[in-house]
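Listed here are the chains, written in short residue letters.
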Amino acid sequence: MFSVCRDLWVYLSLSDSKATTAHAHARPVKTASLPVGSHELFNIAQDNIVKMDRSPFRSILGTNYVPTERECEMIAEFLIVPQTQLAELQAKVAEQEAMLQKLKERCGDLQGDIEAHRAIISLIRRLPDDILREIFLQCLPFNHNPGMSAKEPPLLLAHVCGRWRRVALSTPRLWSSFHIWSQPDEDVFDNELESQEDLILQWIGRGGNTPLSLSFSTPQMQGPRREDLPNTVEIGRLFSLLSPSFSRLKKLEVSLDGFKDEIHDIAKLQDEEGRTPFNSVEQLSLRVVLRHEEWLLPGEHQGELETLLGELDLKHNMHLRKLGLYFQYNTKLHTETSWLTQIIPCNQLEVLDLQGLDPPHRGSEISIIALPSVLQACPKLVVFKANVLFPYSPPTPSGSTSRVALDGLKEVSFFFPHWEDGRALDFIARCDWPSLTSLYLRAGEGSDSRVNTFSHMVDRFHSTLTSLRLSSYVVTPQLLTDLMFTLPKLVQLHLEHPGLSKYNGIGGRFDIYDQYSEDGFDDVLALLIPKPDGTPYGLPLLRFLKWERNTEFSDKALARVLQQRATSPYLSVPLKQVHIVFGRPMEDDIYPMCSDLIDAGLDLCLMYPPSIEGYTEDSAYWKMAALQPLDVDYRTLGWDRDEFVHIS
C-alpha cells in the first residue's frame, strides 16, 4: 500500500509542476479564429487529456481490493482533472453533432429540391396520354378481374396524382372488367358514394360501351374468406342493378348456390330488351349448387337441376364459345345420351370445362358411357376437361367402334378414378385427335400408374404431344423410362403429386418424406443426357420440367443432368426451367454447381420439406397452385415462381 501512495504523490507532484510550467510559458490565444477541423480537435483533445493508463491505481483496478478512507480521498482528488476534461470533450462532441445535424438538414433540403426539379424532366411526366393509357392497361391483374380495392389498379392508379387520375378515368378499357365481393375496402368510398351500389354503377359507367367482364367472389376463386361471399339473393339484387349493362356483358364468372326459387329468380332476370346475364356472353364460368329443404333422391335432384339450367337458356346463346360448368359432388352426368348436350350450345363451343377447382372426388362427374356422345356433339372443341365416372358395372368394353373425332382439339384434362378399367382403354382407342398437344391426366388414390390407361393414352398421342402433366401418388423408374422414349416431341413435363395440392382433398396429411423407394432413379435421370456415340436419349426437346415428390434421385445426379443438357454439343435445346419439390431433405446444395447455368438463364427452383417438427398442413410446402382458370392459353409453357415459397 505504501507503494501506491508513493506513486500517487509523485504523479500529483509532476502534474502540478507541468501545469505550472505550462501556465508560465503559455501565450494568449485569440478566440476569434477559423473552426477547428474534427481531426485537429481530436489531436488537441489527445494532447491535453490526462493519461489514464498512467494512473497510480491501475494495479488495483478490476480487483476486489477495498481502499481506505485516505485512499478514497486520493482517488477522488485524482479524478478531478479527467472528469473536467471529460465534460469539456462531451461539450465539444455535442457542438460537432449539432453542426453535423445542420449539415444533414441542409443535405436533405437540397436533395428534396433536386428531386423536385428532376421530377419535372422525368420521362413518365412527358409521356403522351395514349402511351400512359397503354402502360395503365398493362398494370391490370392478368389472372383475375380487378376488384374494389385501392391497393391494386385501376383504383390505385387513380390515386397517384391529378393527371394520372384524369387519364385513368378517361380510359374505358381500364374499367371494362370488374370483380365484386361483399365487403369492398373502406378506403375506396368517396364522400359522394354512400353505398356499394353507387360504387358499382360508377365503375360500370366509366367503362362506357366497352365489352364487360364481370366476376363474383365464389368458392371457385381464390378470393376473400367464405363468409364474405355474396349469397344467391345478393347476386340476384346485383344482377338487377346491372341489367342496363347486360348488352355489354361478354365474360361472366358466378356461383349460384341456393334453393330452387332463388336460382329460378336469377334465371328469369331480363333487361328492357329481353336480355339475360347468360344469353349473350362469350365466356361463362358457372357453378351451380342446388339446395333443398327436404332430402331428395339423386334422380329427383338431377331433374330439378336440369330444369333450372334449361331456364338459363344457354342453348340459344349464339355468342358462347368458352363454357365452364361446375356442379356439386352428387351430380352425375351418367345417362347414355347426356342431358348436358340438350342445354348447352355444343356445336359452337371451343372450350368446355367440367372440372373447375373442386377436388375430383367432390366435383361433378361425367359417365364414361356418356363421354363420347358429349365430345361428338362438340366438333369445334379446342380444350376439354372432365372428371370421368365408371358406373358400377363390369368393366367390359362397350363394343362401339365409332370414332370420337375432333380435328381441332389441342388440350385435354381427364380425371380417372382408376387407370386399370377396360372401359377407359376402349374409349381411348376410339379417340381421333390429330392436333392434341397438351394432356393432363389425374388418377384416384391407389391407382397404379404403371399400367393400362396412362400407357395407352401416351402411346395413342405420342407423335403430337408437347406438354404432359401427370398427377399420380406413385411414379416408377419403368414408367419414366417408357415415357422418355415414347414422347420425342415433348417440350414440357410436369410430374404432379396430388397430395401437394390444396385442392386435392384426397388422403389428408401425409408423411413429408417419400415413402416409395425403388432403385434406379439416378439411372433414369442419366437417360436424359445426350450420348457422344449417337445412342438415343430421353426427351431431346424438353425445356420445362416440374417434378413434385417421388424424388428418389440424388442432388448430384440432378446437377449432372442439368450441366450435361446445357453444355453437350449433341443437344441443341437446353433446359430453360426446372422446378423440383423434393420429398426428402437436402443432401447436397447444388446451386453453386449450377451457378453458371443460372447466370446463363436457367430458372432453377429447388424446394425441400421442413423438418418433421416444423411441418404442418399450413406449411408453404403443402400449398401449391390451383388448376388453371378457364381462359388460360393452352400454349403457355413454364410456371410462375410464385407457385413456390421457399422454406426458411
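Predicted model only: the values in this text are computed from it and were never measured.

Visitor: Help me out: how do you make sense of the overall build of the protein chain in this one?
Guide: A count of helices and strands for the protein chain gives 18 helices and 18 strands. Within the protein chain, the proportion of its 648 residues that are buried is 45%. Sequence separation of 24 or more characterises 82% of the internal contacts of the protein chain that already satisfy a separation of 6 or more. For the protein chain, the exposed surface amounts to about 34000 Å²; the carbon and sulfur share of it is 54%.

Visitor: What am I meant to see in the pairing of strand β2 (residues 212-216) here?
Guide: The element β2 is largely enclosed, with a buried count of 5 among its 5 residues. Along β2, one buried face is formed by L212, L214 and F216 and the opposite face, lined by S213 and S215, is buried too. Inspection of the sheet shows strand β1 (residues 177-180) paired to β2 by 4 bridges, in the parallel sense. In the strand pairing of β2, I180 is matched with F216.

Visitor: Sorry if this is basic, but what is going on with the packing of helix α8 (residues 196-206) against helix α9 (residues 232-242) here?
Guide: In a packed pair of helices, the relevant descriptors are the angle between the two axes and the axis-to-axis distance. Contact geometry of α8 with α9 gives a least axis separation of 11 Å together with a crossing angle of 45°. When the axis of α8 is compared with that of α9, the two are oblique. For the crossing formed where α8 meets α9, the hand is right-handed. Contacts between α8 and α9 involve Q196, E197, I200, L201 and I204 on the former and, on the latter, E234, R237, L238, L241 and L242. Classifying every residue of the contact of α8 with α9 gives 6 nonpolar, 1 polar and 3 charged.

Visitor: I tried to follow the state of the cysteines on my own but got confused; where do I start?
Guide: A covalent bond between the sulfur atoms of two cysteines is referred to as a disulfide. Counted under the stated rule, the structure contains 0 disulfides. C378 provides the cysteine sulfur closest to C346, a residue in no disulfide bond, and the two sulfurs are 3.9 Å apart.

Visitor: How should I be thinking about the pattern of salt bridges in this particular structure?
Guide: Close approach of charged atoms allows side chains of opposite charge to pair. Taken as a whole and assessed by the stated rule, the structure comprises 14 salt bridges. For R291, the salt bridge goes to D257, with nearest N and O atoms at 2.6 Å. Here R291, found in strand β4 (residues 283-291), pairs with D257, found in strand β3 (residues 249-259); they are 34 residues apart in sequence, far enough to count as distant. Given a relative accessible area of 40%, R291 falls into the partly exposed group. Overall, the relative accessible area of 22% leaves D257 in the partly exposed class. Put simply, R469 and E496 hold a salt bridge, and the shortest N to O gap is 2.6 Å. Of this pair, R469 sits in strand β14 (residues 467-471) while E496 sits in strand β15 (residues 492-496); the two residues are 27 residues apart in sequence, bridging distant segments of the chain. A single burial state applies to R469 and to E496, both of which are buried.

Visitor: What is the right way to look at the side chain of S176 in this model?
Guide: With respect to the helices and strands, S176 occurs in the loop between α7 (162-169) and β1. Within the structure, the side chain of S176 is placed 2.8 Å from the backbone oxygen of R173, a separation counted as a polar contact. Excluding anything up to four places from it in sequence, S176 contacts T210, P211, L212 and S213.

Parameters at a glance
- Residues numbered from 1 in each chain as written.
- Predicted model: local features only at pLDDT ≥ 70, side-chain atom pairs only at ≥ 80, totals over all residues.
- Heavy atoms only, no water.
- Helix = DSSP H or I, 4+ residues; strand = E, 2+ residues; numbered from the N terminus.
- Buried < 20%, exposed > 50% of the residue type's maximum accessible area, 1.4 Å probe, protein only.
- Contact = heavy atoms within 4.5 Å.
- Areas by Shrake-Rupley, 256 points an atom, 1.4 Å probe, with all protein chains shown as cover.
- Pairing = 2+ DSSP bridges.
- Axes fitted to C-alpha atoms, helices over the stretch in contact; angles between N-to-C directions.
- Parallel < 35°, antiparallel > 145°, perpendicular 65-115°, else oblique.
- Left-handed = near helix turned anticlockwise from the far one by under 90°.
- Nonpolar A, V, L, I, M, F, W, Y, C, P; charged D, E, K, R; others polar.
- Disulfide = S-S within 2.5 Å.
- Salt bridge = Lys/Arg side-chain N within 4 Å of Asp/Glu carboxyl O.
- Polar contact = N/O pair within 3.5 Å; in protein donor to acceptor, adjacent residues only side chain to side chain.

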